[in-house]
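# Notes for the structure review
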Amino acid sequence: MSSSREFRWPVRVYYEDTDSGGVVYHSNYLKFMERARTEFLRSLGFGQAELRDDLGVLFVVRSLALQYRRPARFDDVLAVVTRLKDFRRSLMTFEQKIYRGDELLTEATVDIVCIDAEQFRPVIIPAVVRNMIDPE
């Protein structure tokens, strides 16, 4: 991680990630990106269970825009680069890109909203999380 705003997570493509032609099935790119965002939070000290149980919040996808550029294939080693693009009271916007080496395969903009774990309504991102994600 080069800063608290950008995170790189490695992914290897397994056979189960692909279609019969050995190409990554389209929805699996979203799984790779989800894992990278989860690991980004974990790298800052926040596991999903802790967020829910100790802080009473969840982070959920509100919207996303995704563009496929090139296919990933069975046994490729990929890197999911996650960059915090915008940070507001209850919303974070991430730019995520999946690379094979230097080749850009897929990119997305993902809006994540912080919600109360019981009421499922937007709430302010807890200060302890805000300070780790956006220390400025």
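Residues numbered from 1 in each chain as written. Predicted model: local features only at pLDDT ≥ 70, side-chain atom pairs only at ≥ 80, totals over all residues. Heavy atoms only, no water.

### Side note on the pattern of salt bridges
Scanning all chains against the criterion turns up eleven salt bridges. For E39, the salt bridge identified is with R42, shortest N-O distance 3.0 Å. Of the two residues, E39 and R42 are both situated in helix α1 (residues 26–43); the distance of three residues between them amounts to about one turn of the helix. Look at E39 and you get buried, because its relative accessible area is 19%. Here R88 makes a salt bridge to D86, at a shortest N to O gap of 2.9 Å. Note on D86: relative accessible area 25%, which makes it partly exposed. Here the residues in one salt-bridge network are R70, D76, R100 and E103, joined through shared partners. (Salt bridge = Lys/Arg side-chain N within 4 Å of Asp/Glu carboxyl O. Helix = DSSP H or I, 4+ residues; strand = E, 2+ residues; numbered from the N terminus. Buried < 20%, exposed > 50% of the residue type's maximum accessible area, 1.4 Å probe, protein only.)

### Things to note about the confidence of the model for the chain
With 95% of its residues at a pLDDT of at least 70, the chain reaches an overall mean of 93. Predicted confidence in the chain is weakest over helix α3 (residues 127–133), with a mean pLDDT of 89, and strongest over strand β5 (residues 103–116), with 98. (pLDDT = per-residue confidence, 0-100.)

### Brief notes about the pairing of strand β4 (residues 91–100)
Taken together, the eight bridges between strand β3 (residues 77–87) and β4 define a ladder with antiparallel strand orientation. In the strand pairing of β4, A79 is matched with Y99. The turn joining β3 and β4, which pair antiparallel and follow one another in sequence, is formed by three residues. (Pairing = 2+ DSSP bridges.)

### Brief notes about α1
The first and last C-alpha atoms of α1 sit 27 Å apart over 18 residues, in line with the 26 Å expected at 1.5 Å per residue. The set of residues buried in α1 consists of N28, Y29, F32, M33, A36, R37, T38, E39, F40 and L41. Just beyond α1, the residue with positive phi is G45, at close to 100°. (Expected span 1.5 Å × (residues − 1).)

### Focus: a nonpolar patch on the surface
On the surface, a nonpolar cluster with roughly 220 Å² of combined accessible area is contributed by L30, V61 and L64. Examined against the element boundaries, L30 turns out to sit in helix α1. (Patch = residues over 30% accessible without salt bridge, like charges linked within 9 Å, V, L, I, M, F, W, Y side chains within 5 Å. Areas by Shrake-Rupley, 256 points an atom, 1.4 Å probe, with all protein chains shown as cover.)

### Examining the packing of aromatic side chains
Pairs of aromatic rings are described using the distance from one ring centre to the other and the angle between the two planes. Counted by the stated rule, this structure contains six aromatic pairs. Taking 6.1 Å as the distance between ring centres and 65° as the angle between the ring planes, the aromatic pair formed by F7 and F40 counts as edge-to-face. Linking F7 in strand β1 (residues 6–12) with F40 in helix α1, this pair joins segments that are 33 residues apart in sequence. Classification of F7 as buried rests on a relative accessible area of 8%. Aromatic pair Y15 and F74: ring centres 5.9 Å apart, planes at 85°, arrangement edge-to-face. A residue pair is termed long-range when its members are at least 10 positions apart, and Y15 in the loop between β1 and α1 and F74 in the loop between β2 (57–68) and β3 qualify at 59 residues. Residue classification places Y15 among the exposed residues on the basis of a relative accessible area of 59%. (Phe/Tyr/Trp six-rings, centres within 6.5 Å; stacked < 30°, edge-to-face > 60°.)

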